[in-house]
Amino acid sequence: MTPPVIADLRSDTVTTPTPAMREAMAQAPVGDDVYGEDPTVNALQAEVARLTGHEAGLFMPSGSMTNQVAIALHTRRGEEVICAEGSHIYEWELGMMATFSGVVPRFVPAPLGVPAPDDVRAAIRRSIHQSPTGMISLENTHNKAGGTVIAPEVLHQIRAVATGEGLPLHLDGARVYNAAVALGAELREITGMFDTVSVCLSKGLGAPVGSVLTGSAAAMKQAHRYRKMMGGGMRQAGVLAAAALVALQEGPARLAGDHRRARVLAEALVNAGFSVNLAAVQTNIVYATVPDAAGRAATWAERGVLTNALGPQSVRFVLHHQIDDEALDRAIRVLTA
Ligand SMILES: *Cc1c(COP(=O)(O)O)cnc(C)c1O
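Calculation rules
- Residues numbered from 1 in each chain as written.
- Predicted model: local features only at pLDDT ≥ 70, side-chain atom pairs only at ≥ 80, totals over all residues.
- Heavy atoms only, no water.
- Pairing = 2+ DSSP bridges.
- Helix = DSSP H or I, 4+ residues; strand = E, 2+ residues; numbered from the N terminus.
- Axes fitted to C-alpha atoms, helices over the stretch in contact; angles between N-to-C directions.
- Contact = heavy atoms within 4.5 Å.
- Salt bridge = Lys/Arg side-chain N within 4 Å of Asp/Glu carboxyl O.
- Buried < 20%, exposed > 50% of the residue type's maximum accessible area, 1.4 Å probe, protein only.
- Parallel < 35°, antiparallel > 145°, perpendicular 65-115°, else oblique.
- Nonpolar A, V, L, I, M, F, W, Y, C, P; charged D, E, K, R; others polar.
- Near = heavy atom within 4 Å.
- Polar contact = N/O pair within 3.5 Å; in protein donor to acceptor, adjacent residues only side chain to side chain.
- Expected span 1.5 Å × (residues − 1).
- Domains from an automatic or database assignment.
- Buried area = accessible area lost by both parts, 1.4 Å probe.

Some details on the sheet that holds strand 12 (residues 314-318)
Reasoning step 1: Ordered by their spatial adjacency, three strands build an open sheet running 9-12-11, and the pairing between neighbours is antiparallel. Each of the sheet's edge strands pairs with one partner strand only, and the pair in question is strand 9 (285-289) and strand 11 (308-311). Strand-to-strand twist across the sheet, computed as the mean angle between neighbouring axes with direction ignored, equals 30°.
Reasoning step 2: Two elements, strand 11 and strand 12, share three bridges in a ladder whose sense is antiparallel. Bridged to Ala 309 within strand 12 is Val 315.
Reasoning step 3: Packing of helix 12 (residues 252-271) onto the sheet brings it into contact with strand 9 and strand 12, and relative to strand 9 it is tilted by some 10°.

Some words on the sheet that holds strand 8 (residues 211-215)
Reasoning step 1: Ordered in space as 2-8-7-6-5-3-4, the seven strands form an open sheet in which the pairing is mixed. The strands lining the two open edges of the sheet, one partner per strand, are strand 2 (56-60) and strand 4 (104-108). Shown here is a sheet whose adjacent strand axes are inclined to one another by a mean of 20°, direction ignored.
Reasoning step 2: In the sheet, strand 3 (residues 80-84) pairs with strand 5 (residues 133-139) via four bridges, with the strands oriented parallel. Counted as the bridge partner of Val 81 is Met 135 from strand 5.

Comments concerning the pattern of salt bridges
Reasoning step 1: As enumerated under the stated definition, the model contains 15 salt bridges in all.
Reasoning step 2: For the salt bridge of Arg 126 with Glu 165, the shortest nitrogen-to-oxygen distance reads 3.1 Å. One end of the pair, Arg 126, is in the loop between helix 6 (117-122) and strand 5; the other, Glu 165, is in helix 7 (residues 152-165), with 39 residues separating them in the sequence.
Reasoning step 3: Across the pair Arg 260 and Asp 325 runs a salt bridge, and its minimum N-O distance is 3.4 Å. Taken together, the residues Arg 260 in helix 12 and Asp 325 in helix 14 (residues 325-335) connect sequence positions 65 residues apart.
Reasoning step 4: The class of Asp 325 is partly exposed, set by a relative accessible area of 40%.
Reasoning step 5: Ionic contacts of the salt-bridge type, sharing partners, join the residues Asp 258, Arg 260, Arg 261 and Asp 325 into one network.

A closer look at the packing of helix 11 (residues 238-250) against helix 12
Reasoning step 1: Relative orientation of the contacting elements helix 11 and helix 12 amounts to 60°, with a least axis distance of 5 Å. With respect to helix 12, the axis of helix 11 lies oblique. Side by side, helix 11 and helix 12 meet where Ala 247, Leu 248, Gln 249 and Glu 250 of the first sit next to Pro 252, Ala 253 and Arg 254 of the second.
Reasoning step 2: For the contact of helix 11 with helix 12, the per-class residue count stands at four nonpolar, one polar and two charged.

Some remarks on the site of the ligand
Reasoning step 1: Around the ligand, a shell composed of Ser 62, Gly 63, Ser 64, Asn 67, His 88, Glu 93, Glu 139, Asn 143, Asp 172, Ala 174, Arg 175 and Lys 203 is seen.
Reasoning step 2: Between an oxygen atom of the ligand and a side-chain N or O atom of Lys 203, the distance comes to 2.9 Å.
Reasoning step 3: A breakdown of the residues in the shell around the ligand according to their chemical character gives one nonpolar, six polar and five charged.

A word on the environment of Arg 175
Reasoning step 1: Here Arg 175 lies in the loop between strand 6 (169-173) and helix 8 (176-183).
Reasoning step 2: Owing to a relative accessible area of 3%, Arg 175 belongs among the buried residues under this scheme.
Reasoning step 3: A sequence separation of 32 residues divides Arg 175 from Asn 143, and the C-alpha atoms of the two residues are 8.3 Å apart.
Reasoning step 4: Aside from chain neighbours lying at most four places away, what touches Arg 175 is Ser 11, Asp 12, Asn 140, Thr 141, Asn 143, Lys 203, Asn 284 and Ile 285.

Digging into the side chain of Ser 202
Reasoning step 1: Here Ser 202 shows up in the loop between strand 7 (196-200) and strand 8.
Reasoning step 2: Once residues within four sequence positions are removed from consideration, Ser 202 is found in contact with Asp 12, Thr 13, Ala 207, Pro 208, Val 209 and Gly 210.

Topic: helix 10 (residues 217-229)
Reasoning step 1: In this model helix 10 runs 19 Å from its N-terminal to its C-terminal C-alpha over 13 residues, within 8% of the 18 Å that 1.5 Å per residue would give.
Reasoning step 2: Among all positions of helix 10, only Ala 219, Met 220, Ala 223, Tyr 226 and Arg 227 are buried.
Reasoning step 3: At its buried positions, helix 10 is contacted by helix 2 (39-52), strand 2, helix 3 (63-74), helix 5 (96-101), strand 7 and strand 8.
Reasoning step 4: Taken from the residues just after helix 10, Gly 231 is the one with a positive phi, measuring 85°.

So, the domain arrangement of the protein chain
Reasoning step 1: Looking at the protein chain, the domain boundaries give domain 1 (7-15 + 253-335) and domain 2 (19-250).
Reasoning step 2: Each of domain 1 and domain 2 was reduced to a C-alpha centroid, and the two centroids are 26 Å apart.
Reasoning step 3: Contact with domain 1, which involves 20 residues of that partner, is made by 21 residues of domain 2.
Reasoning step 4: With both chains or domains summed, domain 1 and domain 2 bury close to 1,700 Å², and 51% of this area falls on carbon and sulfur atoms.
Reasoning step 5: Viewed at the interface, domain 2 and domain 1 are joined by two salt bridges.

Rendered as structure tokens:
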């Protein structure tokens with residue numbers, strides 16, 4: 001028999017819709033969104049565009065789709081996408097940049113998830129003998145680096161590199177709200193300098209489904225075509241958008257608690273003898289070095305604590321709003337037993 005789950009720390013995608021979301025879903029006015037006629041989807045798109053400081057938005061089923069549509073928008077076949085090492089757009093999106101857009105990644109070093117503007121500039125390819133650079137993509141917060149934050153100064157410097165070279169700049173902002181909260185910044189202060197931004201509603205904000213891509217109205221018009229090609233044209237998607245609108249209201253204020261609890265967890269793991277790079281624990285993610293990670297994760301799961309073994313010696317823990325202080329306490333007792 002499987003035990004009751006004490007804490008599901010595998011990801012911040014595992015949350016279930018709140019009562020307010022369920023209520024909004026039941027009440028939402030809807031229409032056919034492929035025709036652009038779903039009022040709730042339109043309201044969500046306008047709201048996320050306003051928040052990111054962009055002209056328009058487009059709702060999609062996943063963050064992988066918003067990222068890959070952005071890559072299709074900004075590149076031509078045979079080009080390179082400059083991105084921070086470990087970026088989700090390459091590591092965890094199943095080679096879609098190659099299969100859909102015909103482009104390849106060029107990683108730049110990114111200590112704690114932050115590429116140096118000079119390294120970005122040095123990665124740009126212009127020679128006739130090389131595949132030309134098509135775009136630059138950043139990830140804030142950076143998942144694989146530990147949920148780490150890129151400061152606005154660095155974003156502006158990389159924007160200047162992109163502008164100087166005439167390159168489009170995309171943000172994989174799956175957890176950009178976590179970054180804004182950690183920086184104490186308004187969202188648009190860390191998104192407005194990008195040409196396109198992908199914002200996940202289904203991570204820390206807690207919506208059941210969906211991400212929004214934002215950018216210029218012209219770019220979103222073209223993005224609508226790519227979304228349809230990928231099978232992402234949804235019809236009465238207002239039921240999902242309604243939950244996402246509630247997530248935008250309820251979600252951001254809860255993130256600081258997730259960040260605080262991540263720190264508590266990280267320190268408890270260190271005290272129990274696990275190795276954690278505390279400098280990387282900046283938001284809601286904790287990576288610990290754990291010998292026999294898969295075996296350990298299986299044992300913890302048997303005791304009701306779900307985690308994600310992502311390497312032979314690496315376990316990821318992600319905090320979210322359905323882990324309160326009490327659940328975390330109980331989880332820590334299992335993890336440090
Ligand atoms: C989760 C995530 C995405 C999108 O994932 P989907 O499961 O496709 O919604 C994109 N980028 C990063 C950094 C992520 O963590």
